[in-house]
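Residue-level listing of the chains:
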Amino acid sequence: MKLPQLSVFLENRPGSLLEPLQVLAAADINLVSISLADTEQFGILRLVLKDWEFAKSVLEKDGWVVNVTDVVAVDVDDQPGGLVKMLAVLAEAGINIEYMYAFALRRNVKAVLLFRFEDPDAAIEVLEQAGIGVIQEEELY
Amino acid sequence: MHHELWNDAAGGFHPVSAPDFLPEAQLREVQLRRLKAVVGRAYEKVPLFRQRLEKRGLTPESMQSLADIAKLPFTVKTDLRDTYPFGLFASPMADVVRLHASSGTTGKPIVVAYTREDVEVWAEVMTRTFAACGLHRGDIVQNAFGYGLFTGGLGAHYGAETLGATVIPISGGNTDRQIMVLRDFGVTAICATPSYFMHLAEKAMEMGVDLKAMPLRVGVFGAEPWSDAMRARIEADTGIKAFDIYGLSEIIGPGVASECSQHEGLHVFEDHFYPEIIDPETGEVLPDGSEGELVLTTLSKKAMPMIRYRTRDITAILPERCGCGRTIRRIRRIGRRSDDMFIIRGVNVYPSQVEAALLNVEGTLPHYQILLTREQGLDQMTVEVEVTPEVFSDKVRALEEVRARLAHAIEHILGIRVGLRLVGPHSIQRSEGKAKRVIDKRNG
Amino acid sequence: MHTVQPPPIDNAVRDRDETLPRAELEALQLTRLREVVERVAHVPFYREAFALRGITARTIKSLDDLRRLPFTTKDDLRRHHPLGFITVPREQLARIHGSSGTTGKPTFVAYTAKDLQTWSDLCARFLVAGGLQPRHTVHVAFGYGLFTGGFGLHYGIEKVGAAVVPAASGNTRRQIEIIQDLGAEVLVCTPSYALTIAETAREMGIDPRRLPLKFGHFGAEPWTEEMRQQIEADLDILAFNNYGLSEVIGPGVSGECAHRDGMHIQEDHFLVECLDPDTLESVGDGEEGELVFTALTKEAMPLLRYRTRDIARLTREPCACGRTTVRMSRVTGRTDDMLIIRGVNVFPSQIEEALLRVEGTTPHYMIEVERPGTLDQLTVKVEVLPELLSDRMDRMQRLKDRIGKEILTVAGIRANVELAAPRTLERFTGKAKRVVDKRGQN
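Residues numbered from 1 in each chain as written. Chains lettered and ligands numbered in written order. Predicted model: local features only at pLDDT ≥ 70, side-chain atom pairs only at ≥ 80, totals over all residues. Heavy atoms only, no water.

**Student:** What should I look at first to understand the overall build of chain A in this one?
**Tutor:** Secondary structure assignment for chain A yields five helices and six strands. Its helices and strands in sequence order give chain A the pattern β-α-β-β-α-β-α-β-β-α-α, from N to C terminus. For 141 residues, the compact-globule formula gives about 14 Å, and the C-alpha radius of gyration of chain A, at 16 Å, lands near that figure. By principal-axis analysis of the C-alpha atoms, chain A measures approximately 45 × 30 × 25 Å. A separation of at least 24 residues holds for 71% of the contacts in chain A among residues at least 6 apart in sequence. For chain A, the computed accessible surface area is about 7000 Å², with 50% contributed by carbon and sulfur atoms. If you average the places of the 11 positive and of the 23 negative side-chain charges in chain A, the two averages end up 3 Å apart. (Helix = DSSP H or I, 4+ residues; strand = E, 2+ residues; numbered from the N terminus. Rg over C-alpha atoms; globule rule 2.2 N^0.38 Å. Contact = heavy atoms within 4.5 Å. Areas by Shrake-Rupley, 256 points an atom, 1.4 Å probe, with all protein chains shown as cover. Lys, Arg positive; Asp, Glu negative; His and termini not counted. Charge placed at Lys NZ, Arg CZ, Asp CG, Glu CD.)

**Student:** Honestly, the overall build of chain B in this entry has me stumped. Any pointers?
**Tutor:** Scanning chain B from terminus to terminus reveals 11 helices and 21 strands. Taking 2.2 N^0.38 as the reference for a compact globule, 444 residues should give roughly 22 Å; the C-alpha atoms of chain B span a radius of gyration of 23 Å, in line with that estimate. When the backbone C-alpha atoms are referred to their principal axes, chain B occupies close to 75 × 60 × 45 Å. Looking at chain B as a whole, 61% of its 444 residues qualify as buried. Taking as baseline every contact in chain B between residues at least 6 positions apart, the subset at least 24 positions apart corresponds to 65%. Accessible surface computed for chain B: about 16600 Å², of which carbon and sulfur atoms make up 51%. Taking the 53 positively charged and 57 negatively charged side chains of chain B as two groups, their mean positions are separated by 2 Å. (Buried < 20%, exposed > 50% of the residue type's maximum accessible area, 1.4 Å probe, protein only.)

**Student:** It is not clear to me how unusual backbone geometry should be interpreted in this structure. Could you clarify?
**Tutor:** The phi angle of most residues is negative, glycine excepted, and most peptide bonds adopt the trans form. Looking along the chain, the bond that leaves tyrosine 84 of chain B and enters proline 85 of chain B is cis, with omega of -5 degrees. With an omega of -5 degrees, the peptide bond running from histidine 81 of chain C to proline 82 of chain C counts as cis. Locating proline 82 of chain C in the fold gives a position in the loop between helix H3 (74-79) and strand E1 (93-99). Here arginine 345 of chain B, not a glycine, exhibits a phi torsion of approximately 45 degrees, which is positive. By secondary structure assignment, the location of arginine 345 of chain B is in the loop between strand E16 (342-344) and strand E17 (347-349). The class for arginine 345 of chain B is partly exposed, based on a relative accessible area of 28%. In this structure, aspartate 236 of chain C is a non-glycine residue whose phi angle is positive, near 55 degrees. Mapped onto the elements of the fold, aspartate 236 of chain C is located in the loop between helix H8 (225-235) and strand E7 (238-245).

**Student:** Whenever I open this one, the interface of chain B and chain C confuses me. Can you help?
**Tutor:** In many analyses, interface size is given as the accessible surface area lost on bringing the parts together. Across the contact, 48 residues belong to chain B and 48 residues belong to chain C. Contact with chain C buries area across many residues of chain B, yet Arg177, Phe185 and His412 of chain B alone supply 16% of it, more than any other trio. Residue arginine 357 of chain C pairs with aspartate 176 of chain B through a salt bridge whose shortest N-O separation is 3.7 Å. Our count for the chain B to chain C interface comes out at 24 residue pairs in polar contact (both at pLDDT 80 or more). (Buried area = accessible area lost by both parts, 1.4 Å probe. Salt bridge = Lys/Arg side-chain N within 4 Å of Asp/Glu carboxyl O. Polar contact = N/O pair within 3.5 Å; in protein donor to acceptor, adjacent residues only side chain to side chain.)

**Student:** I'm lost on helix H5 (residues 116-132) of chain B in this one. Help?
**Tutor:** Residues and elements named next belong to chain B. The first and last C-alpha atoms of H5 sit 24 Å apart over 17 residues, in line with the 24 Å expected at 1.5 Å per residue. Within H5, 13 of the 17 residues are buried, which leaves it mostly tucked inside the rest of the structure. Residue glycine 134 follows H5 closely and has a positive phi angle near 85 degrees. (Expected span 1.5 Å × (residues − 1).)

**Student:** Looking at this structure, I do not really get the environment of serine 192 of chain C. What am I missing?
**Tutor:** All names here are of chain C. Tracing the sequence through the fold places serine 192 in helix H7 (residues 191-203). The spacing of serine 192 and histidine 217 is 25 residues in sequence and 12 Å in space, taken between C-alpha atoms. Setting aside chain neighbours within four positions, we find serine 192 in contact with Glu221, Met227 and Thr374. Of the polar contacts made by the side chain of serine 192, one reaches the side chain of glutamate 221; its length is 2.6 Å.

**Student:** Looking at this structure, I do not really get the domain arrangement of chain B. What am I missing?
**Tutor:** All names here are of chain B. Split into domains, chain B comes out as domain 1 (2-338) and domain 2 (344-440). Residue-level contacts link 18 residues of domain 1 with 14 residues of domain 2. Note on domain 1 versus domain 2: buried area summed over both sides is about 1300 Å², and carbon and sulfur give 48% of it. Three residues, Ser103, Thr105 and His199, lead the burial of domain 1 against domain 2; their summed loss comes to 32% of the area buried on that side. Between domain 1 and domain 2 we count zero salt bridges in total. (Domains from an automatic or database assignment.)

**Student:** What is the right way to read the environment of arginine 32 of chain C from this model?
**Tutor:** All names here are of chain C. Within the secondary structure, arginine 32 is located in helix H1 (residues 22-40). Among the residues examined, arginine 32 registers a relative accessible area of 18% and is labelled buried. Setting aside its immediate chain neighbours within four residues, arginine 32 contacts Asp268, His269, Leu296 and Thr297.

**Student:** How should the pattern of salt bridges be read in this particular structure?
**Tutor:** Once their charged atoms are close, side chains differing in charge can pair, the charge on each being opposite to the other. Evaluation of the coordinates by the stated rule reveals 80 salt bridges over all chains. Glutamate 158 of chain C is the salt-bridge partner of arginine 98 of chain B, the closest N and O atoms lying 3.2 Å from each other. Highlighted residues: arginine 98 of chain B in strand E1 (residues 96-103) and glutamate 158 of chain C in helix H5 (residues 148-160), drawn from two different chains. For arginine 98 of chain B, a relative accessible area of 0% gives the class buried.

**Student:** Help me understand the sheet that holds strand E19 (residues 377-384) of chain C in this model?
**Tutor:** Each strand in a sheet pairs with another by means of backbone hydrogen bonds, the pair being arranged parallel or else antiparallel. All names here are of chain C. Strand order in this open sheet of four strands is E20-E19-E18-E21, and the pairing throughout is mixed. Single-partner strands in this sheet number two, and they are strand E20 (416-420) and strand E21 (435-437). For this sheet the average axis-to-axis angle between neighbouring strands, irrespective of direction, equals 20 degrees. Two strands pair when backbone bridges link them, and strand E18 (residues 361-370) and E21 are joined in this way by three bridges, in the parallel orientation. Across the sheet, residue isoleucine 367 finds its bridge partner in E21, namely valine 435. (Pairing = 2+ DSSP bridges. Axes fitted to C-alpha atoms, helices over the stretch in contact; angles between N-to-C directions.)

**Student:** Help me understand the packing of H5 of chain B against helix H6 (residues 151-163) of chain B in this model?
**Tutor:** Pairs of packed helices are described in terms of their axes, by the angle between the two and the distance that separates them. Residue and element names in this part refer to chain B. Viewed as axis vectors pointing N to C, H5 and H6 meet at an angle of 75 degrees, and their least axial separation amounts to 7 Å. When the axis of H5 is compared with that of H6, the two are roughly perpendicular. Within the contact between the two elements, H5 uses Val119, Trp122, Ala123, Met126, Thr127 and Phe130 and H6 uses Thr151, Gly155, Ala156, Tyr158, Gly159, Ala160, Thr162 and Leu163. Broken down by class, the residue content of the contact of H5 with H6 amounts to nine nonpolar, five polar and no charged. (Parallel < 35°, antiparallel > 145°, perpendicular 65-115°, else oblique. Nonpolar A, V, L, I, M, F, W, Y, C, P; charged D, E, K, R; others polar.)

**Student:** How should the pairing of strand E7 (residues 241-248) of chain B be read in this particular structure?
**Tutor:** Consecutive residues of a regular strand have side chains that alternate between opposite faces of the sheet. Residues and elements named next belong to chain B. Burial of E7 is extensive: six of the eight residues sit out of reach of the surface. Strand direction decides the pairing type here: strand E6 (residues 218-221) and E7, joined by four bridges, are parallel. The partner of valine 220 across the bridge, within E7, is phenylalanine 243. Handedness of the crossover is the feature at issue here: the chain leaves E6, passes through helix H9 (residues 228-238), returns alongside E7, and the resulting connection is right-handed. (Right-handed = clockwise from strand over helix to strand, strands pointing away.)

**Student:** Can you help me understand the confidence of the model for chain B in this one?
**Tutor:** Caution is warranted with low-pLDDT regions, since their predicted coordinates should not be read in detail. Within chain B, residue pLDDT values average 91, and 95% of them lie at 70 or more. At the level of chain-chain contacts, confidence expressed as ipTM amounts to 0.88, with global pTM at 0.83. (pLDDT = per-residue confidence, 0-100.)

**Student:** Which parts of the structure should I look at to understand the nonpolar core?
**Tutor:** Membership of the largest hydrophobic core comes to 191 residues, with the highest contact counts inside it found for Phe197 and Tyr246 of chain B together with Ile157 of chain C. Setting aside residues up to four positions removed in sequence, isoleucine 157 of chain C forms contacts with Leu127, Leu132, Val138, Val140, Ala162, Ala163, Val164 and Val188 of chain C. Counting residues in hydrophobic clusters, the runner-up holds 33 residues, among them Phe9 of chain A together with Val385, Ala407 and Leu422 of chain B. (Core = buried A, V, L, I, M, F, W, Y, C linked by side-chain atoms within 4.5 Å.)

**Student:** How should I be thinking about a nonpolar patch on the surface in this particular structure?
**Tutor:** Residues and elements named next belong to chain A. A contiguous nonpolar patch, built from Leu17, Ile34 and Leu36 and spanning about 230 Å² of accessible area, is present on the exposed surface. Structurally, leucine 17 can be placed in the loop between strand E1 (2-11) and helix H1 (18-26). For leucine 17, a relative accessible area of 33% corresponds to the partly exposed category. (Patch = residues over 30% accessible without salt bridge, like charges linked within 9 Å, V, L, I, M, F, W, Y side chains within 5 Å.)

**Student:** Can you walk me through the confidence of the model for chain A in this structure?
**Tutor:** For chain A, per-residue confidence averages 83 on the pLDDT scale, and 94% of positions sit at 70 or higher. Here helix H5 (residues 137-140) of chain A is the element of chain A with the lowest mean pLDDT, 70, and helix H2 (residues 52-61) of chain A is the one with the highest, 92.

**Student:** Where do I start with the domain arrangement of chain A in this structure?
**Tutor:** Residue and element names in this part refer to chain A. Taken as a whole, chain A is organised into domain 1 (2-69) and domain 2 (71-140). Listed as interface residues are 10 residues of domain 1 and, on the opposing side, 14 residues of domain 2. Buried surface at the junction of domain 1 and domain 2, summed over both partners, amounts to about 1200 Å²; 59% is from carbon and sulfur atoms. Together, Lys2, Leu3 and Val32 form the three largest contributors to the area buried by domain 1 at its contact with domain 2, with a combined 50%. Connecting domain 1 to domain 2 are one salt bridge. Across the pair aspartate 121 and lysine 2 runs a salt bridge, and its minimum N-O distance is 3.1 Å. Taken together, the links from domain 1 to domain 2 amount to five residue pairs in polar contact (both at pLDDT 80 or more).

Pasting the structure below:
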């Protein structure tokens, strides 16, 4: 199952992370996951949240540039080699990972990782065939 | 009077400088004779000029006195663009031995051409420039102006060569090497943009090289405006004499005007370049002493004569005779312009060029701002561009690519390296009416 | 399919000295050799060597006596930095040029006004031999500056009376626009840059074969016949080869004529030898050896038996163009580890020196040269101290920038810098082999 992810452009300066999060908090929007990719010049704030359409409109109204892309949430065994097994499956199928980050919440003995693929549908198919759990939207929110 | 000059070996007399000292009546005679010839040449060979004259009912015979020049139409920078590349050439390519290019106001460069005689005149006026700055045969000249299509490098190069100096054609950049060469060869004179020399001086100090203890005696600085305060600092820090020179490629390149030992304005080599000052609004000619826009007519150019070219540089012609004895008139140092052009590391930049580049990449014009700073004496240009939803991506690499594409597009048009920063939407201040596109933090 | 016309065999010769009968040419060489031995006799380096071997101008009886003269090497120039080989008073110098040394210090060469005239004439000769006429417009995409390539050609073209467009290096797209707009028929640059122009033109949606270019003079780096064919096919031009080095004069030492079968060495100005680099004995015509030049006519800084480290072959077969001079083959290799990257001479020792200037680097590094498209690419991989491999991308970026800047300063070339973790690069037990040159492997 693909999850919509919001990304927000941030300048690399003090306080720039605070501002969009304040906007979301003021609108009573809860975050499911958050990650920040940064370079010397700018950052990209990536958010997964339940009410993403509302969050997007709130941010845009406040003047932020927001972009929606699909990511895939994957259950990974929380033990040595757990990630390796999954990555091997993807490599075998020639699927390219654009980036990934760990999810905030933990489920039982599993860790949840979020992946951005060039072709999310192909990735989901490959993972499911290999018996690796792809998490459904409702399980997260 | 000339006796004193001959004795003052470092004071700037070289046989080629003789025209600097022509009695005024004789100078005006030379100017009028050459004005008639150049107007005749342009009328005969350049259709645009001929049409403009015909529209006014003028012919070359209308030039009966120097004052008649005011009847002639102006030439402006966009004329070069509109007739690009060869439209203003008055010589066939077979007679052209050199082409240079500089930035236009948009994406297209402007092109200027020289015949063999033009290259000789150029070398002559640059020799007179160096002589006025106190250089002579035997001086070791490190030429740190950029070589290439930019006229600064080759202009100074030919002048120093004709003077009989030793030329080290080091071109711009690689400051460590510049300092090593300066020290190892006992360089006595350097040509550069003043900001680059400041940078070099700071770097030398960091490296423990004391420029004051070196034979370096003279700095010949141009290609960008600089202040008397900057001169005072350069001279105090490095122990050299700093001279301001002026020129523009549309006219010939460097060699249009130069300071002398008096440092009170720049002598225009007016036997080749006839200066007028006009009111930039009305186009009316102003008397000597008044401030206005400098207009130049090339009196001897063959390949590309420029008649009443509007430089957009604001100055005044100084009416008094100079203490150095030169009879050619002086202009005050250039402080500002009547358009929005600015100069960075000796390269002329128009905001409209930056706009053309941004538009090219993004399809629509994003909000942007140009920041000019000086770090360690070196000019830096940073373009801040607001991120738009069209170019934004969740991938760092994609965003880096957008950044690089924008930077390359600008560098492609300007020919210099620029910084490019993507900034948040609405982070660039909007002002009433016209946006302030250029923030110049270089002085202060 | 390529439609390059057969070479225009018009056998244009600019100067009758290019076609002197051998006997006359050799007599002229002998006179000039005696003169140059006389001129350099007071240069300390030669004075000592001459004293040791009992050499004076009068003991030079025939051209064979050349073999008694001492060799001169790049290291000799460096040891006598900056101007220890000058034979004229300093005030008579009109120009100083430099080329990369084996360390950060370039080696410098000097010219009098007459030397500059000679140099321009020599460049004009090979340009004319390759078809240049006053009506042409020439796009010069060599770097100007301390490097001799740009200036040699610039003055040569000016001498012929053609129009020079001093485009210098960089900003290829703009260069292509200028070639197109100004209608240049002749291109002057390194052969690899000619291919870059073709490739970039295609990227811009311009057919490079439809550019106004008709022929080109290429030099400053070794190239092959295959590369010539590719340049000619890509740009639909005729490509001529020329050769020179700043220690001898710059470009203008030799160049091809319309028959393009070896480069005519301008023997009235340079004596050439082709030697076995180990025994320093002459090799026979047609055999590979190191080229060694003696400058016969230079005033400011004539060098005797300068060892170029360039490997090539000589032939004395007469050429159909009528020139009587000996011809040299393309340069096929070097006797030292110098690399030529995008026309810039780079010594591995320079890279090492640059790395040593940056704190935090280790002496473990690798140099890789590739040619992914048409342009050489230099990659320097260096191990850094573990504490510098931070998770802060910006800090690592700064370190890379710093290393890149030092390499640019010392070696005059832009390099891709890759930081490597400690103990990840290859270790050498014997002679370190730090250079991997992958060019020409496609």
